[in-house]
Amino acid sequence: MYIPLKARIELPEGETWARKLHLAGRAVSEEEAETMGQRLSKPAPTLDLLQQHDGLIVLGDPGAGKTTFLKYLALRLAMGQGDDLGLSARLPVLVPLSAYANALANGDLPLHRFIAAYYQSVGVDLPLGPMLDEALDQGGALLLLDGLDEVRDLGQRHLVVRRVVDFFAYHRGRGNKFVLTSRIVGYREVRPTAEGLAECTLVDFDEEEIAQFVETWTAALERAARGDTPVAAREAEREREELLASVQRNPGVRRLAANPLLLTILALMKRQGVTLPERRVELYEQYVRTLLSSWNRARGLGRPPARDLDVVQTVRVLAPLALWMHETSPGVGLVKRGEMRRKLGEIYSTLGEADPERAVSQFLSDVREHAGLLLERGAGQYGFIHLTFEEYLAAVGVARLAQTDVGAVVEVLARHVGEPAWREVSQLTVGYLGIVQQW
């Protein structure tokens, strides 16, 4: 039930494409625009871009589908369906670049030798080294290199990029193909450049793609539950209509649905009985729980299991932080690292933390390593994966003021009556008080 992704590719010097880019529910910042390139094409199928170039760098936000795209390519090629993709018969090799960086930290190691050792270490009982060498010599390999941004140390990231570019430049002439993925943040600092290597930035799902996902999702679930029967088809059509109506009725839910990961969680919540969007506070609460608890486990790719964050304790910190962010820069969704650290220190002091500075450092490390909710979005800037989560958690922050002083809730909301950026926060505050806190 894979839904093909689209991306904008950077155009040659002198070409332009008028656009209004949005990211995470808001307009892109100047730094993000610079990172993604000033000249971007109309959206095109990412698979088409890979067919046209020897190497493709795929940039995108968390949940935009980067890793899933690589897994899709690997699976289809492993099943002998490369011709259907316009890629011919190739040996697909999927590798997390963070693992390669760890190996380089222990000594210089050519990429193709690392790949064989990596798969042997995870239990693949195949002569992958000779297989890869033969495929590369014959121009029949597709290297899928995932997560450049997950190489945290900048020096190591530079080293990984040099090794990857050298490998690409040496092997592309025979017809081999390469895909490398990265989050947008931190990419421009180590931007790989080589002849035949193109960059593209994933775009959100549009209405057609959301509808395609929902139709394919509901049909697959009902076939699995009831078989390929008329009853399953009727039930799938009913589920499809309800889920699409839920997405389309509320602008906040519709904005979330543009992100493949968030749309998948939305569909799961609907399947499990959460009413949408009338009780979207429950939906957002479950979103936050899922993103804090399950992000790395869901992604896989041979990474060691990440420890779960304590959801309740983390929300106790995130809620007042989001409220402060929304008051500081409503509708912008970005704050500077230094200011955020100071605010986090105040929050931990209020919570009675003995060593607030240590707690802040641990919190930022945990959020960066183990969650997909609060993200570093540029040099010295942080924001939520989607503006909606800032709005929801800000509403939680307002609602929790009622635990000590109901008047504080009224005071905060009254200050922002009539402000468009606070409309959703006000509605979610009332919903949270009524549904979650049952006032």
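Attention in this report is confined to the structure presented alongside it. (Residues numbered from 1 in each chain as written. Predicted model: local features only at pLDDT ≥ 70, side-chain atom pairs only at ≥ 80, totals over all residues. Heavy atoms only, no water.)

### Focus: the overall build of the protein chain
For the protein chain, the count of helices and strands is 18 helices and 12 strands. Burial statistics for the protein chain: of 439 residues in total, 53% are counted as buried. Contacts in the protein chain between residues at least 24 apart in sequence constitute 74% of all its contacts with a sequence separation of at least 6. Summed over its atoms, the accessible surface of the protein chain is roughly 19800 Å², and 51% of this surface lies on carbon and sulfur atoms. (Helix = DSSP H or I, 4+ residues; strand = E, 2+ residues; numbered from the N terminus. Buried < 20%, exposed > 50% of the residue type's maximum accessible area, 1.4 Å probe, protein only. Contact = heavy atoms within 4.5 Å. Areas by Shrake-Rupley, 256 points an atom, 1.4 Å probe, with all protein chains shown as cover.)

### Brief notes about the nonpolar core
Membership of the largest hydrophobic core comes to 129 residues, with the highest contact counts inside it found for Leu73, Ile115, Leu143, Leu373 and Phe389. Per-element tally for this core: the top contributor is helix α13 (residues 311–328), with 10 residues. If we skip the residues at most four places from it in the chain, Leu73 touches Leu47, Leu50, Leu85, Leu87, Leu142, Leu144 and Val179. (Core = buried A, V, L, I, M, F, W, Y, C linked by side-chain atoms within 4.5 Å.)

### Let's talk about the sheet that holds strand β1 (residues 6–9)
With mixed pairing, the seven strands of this open sheet are ordered in space as β4-β1-β9-β5-β8-β7-β6. The open sheet is flanked by β4 (44–45) and β6 (91–96), the only strands paired with a single partner. Examined bridge by bridge, strand β7 (residues 141–146) and strand β8 (residues 177–182) share four bridges and lie parallel to one another. Within β8, the residue paired with Leu145 across the bridge is Leu180. Packed on one face of the sheet, helix α6 (residues 128–137) meets β6 and β7 and runs near 115° to β7. (Pairing = 2+ DSSP bridges. Axes fitted to C-alpha atoms, helices over the stretch in contact; angles between N-to-C directions.)

### A closer look at the packing of aromatic side chains
This model, assessed by the stated rule, comprises 11 aromatic pairs. Here the aromatic rings of Tyr2 and Tyr72 are separated by 4.0 Å at their centres, their planes lie at 15°, and the arrangement is stacked. Taken together, the residues Tyr2 in the segment before β1 and Tyr72 in helix α3 (residues 66–78) connect sequence positions 70 residues apart. According to the relative accessible area criterion, Tyr2 is partly exposed, its value standing at 23%. Between the aromatic rings of Phe114 and Tyr118, the centroid separation amounts to 5.6 Å while the plane-to-plane angle is 35°, which identifies the pairing as tilted. With a gap of four residues between them, Phe114 and Tyr118 both fall in helix α5 (residues 111–121), about one helical turn apart. (Phe/Tyr/Trp six-rings, centres within 6.5 Å; stacked < 30°, edge-to-face > 60°.)

### A short note on empty space enclosed by the protein
Applying the stated rule across the entire model yields five cavities of 30 Å³ or more. The volume enclosed by the largest cavity comes to roughly 90 Å³. Every residue along the wall of the largest cavity is listed here: Leu56, Ile57, Leu145, Val164, Val165, Phe168, Phe178, Val179, Leu180, Pro192 and Leu197. For the lining of the largest cavity, the elements supplying multiple residues, two or more each, are β5 (55–59), α7 (154–171) and β8. Taken together, the residues of the lining of the largest cavity sort by class into 11 nonpolar, no polar and no charged. (1 Å grid on protein atoms, 1.4 Å probe; cavity = no way out; pocket = protein on both sides within 12 Å on 5 of 7 lines; lining within 4 Å. Points joined across faces, edges and corners; volume = space filled by probe spheres on them. Nonpolar A, V, L, I, M, F, W, Y, C, P; charged D, E, K, R; others polar.)

### Concerning the pattern of salt bridges
According to the stated counting rule, one finds 22 salt bridges in the structure shown. Notably, a salt bridge pairs Glu235 with Arg238, separated by 2.2 Å at the nearest N-O pair. Here the residue Glu235 and the residue Arg238 both occupy positions in helix α9 (residues 230–249), the gap between them amounting to three residues, near one helical turn. In this structure Glu235 comes out as buried when scored by relative accessible area, which is 19%. Here Arg238 and Glu242 are joined by a salt bridge, their closest N and O atoms 2.7 Å apart. Taken together, the residues span about one helical turn, with Arg238 and Glu242 both in helix α9 at a distance of four residues. On the accessibility criterion, Glu242 (32% relative accessible area) is partly exposed. When salt bridges with common partners are traced through the structure, they connect Glu235, Arg238, Glu239, Glu242 and Lys270 into a single cluster. (Salt bridge = Lys/Arg side-chain N within 4 Å of Asp/Glu carboxyl O.)

### A closer look at the packing of helix α4 (residues 97–105) against α7
When two helices pack together, their arrangement is given by the angle between the helix axes and by the axis-to-axis distance. Running from N to C, α4 and α7 cross one another at 105°; their axes reach a closest spacing of 10 Å. Relative to α7, the element α4 lies roughly perpendicular. Residue-level contacts link Leu97, Tyr100, Ala101, Leu104 and Ala105 of α4 to Gln156, Leu159, Val160, Arg163 and Val164 of α7. Split into classes, the residues belonging to the contact of α4 with α7 amount to eight nonpolar, one polar and one charged. (Parallel < 35°, antiparallel > 145°, perpendicular 65-115°, else oblique.)

### Comments concerning unusual backbone geometry
Of note in the backbone geometry, Ser88 takes a positive phi value of approximately 60° without being a glycine. The residue Ser88 is located in the loop between α3 and β6 in this model.

### Thoughts on the pairing of strand β12 (residues 381–384)
On β12, burial covers both faces: Gln381 and Gly383 on one face and Tyr382 and Phe384 on the other are all buried. Note that strand β10 (residues 335–336) and β12 share two bridges and pair antiparallel. Bridged to Lys336 within β12 is Gln381.

### Structural notes on α7
For α7, spanning 18 residues, the distance from its first C-alpha to its last is 26 Å, which sits close to the expected 26 Å at 1.5 Å a residue. One side-chain oxygen of the residue at the start of α7 lies 3.1 Å from the amide nitrogen of Gly155, identifying that residue as Asp153. (Expected span 1.5 Å × (residues − 1). Polar contact = N/O pair within 3.5 Å; in protein donor to acceptor, adjacent residues only side chain to side chain.)

### Looking at α5
When we look at burial in α5, the residues that qualify are Leu111, His112, Phe114, Ile115, Ala116, Tyr118 and Tyr119. Contacts from the buried residues of α5 go to β6, α4, α6, β7 and α7.

### Notes on the side chain of Thr388
Secondary-structure assignment places Thr388 in helix α16 (residues 387–400). Setting aside residues no more than four positions away along its own chain, Thr388 makes contact with Gly252, Arg255, Leu256 and Tyr284.

### A word on the environment of Leu49
The residue Leu49 is located in helix α2 (residues 46–52) in this model. Accessibility expressed as a relative area gives 4% for Leu49, which makes it buried. Between the C-alpha atoms of Leu49 and Arg8, which are 41 residues apart in sequence, the distance is 9.3 Å.

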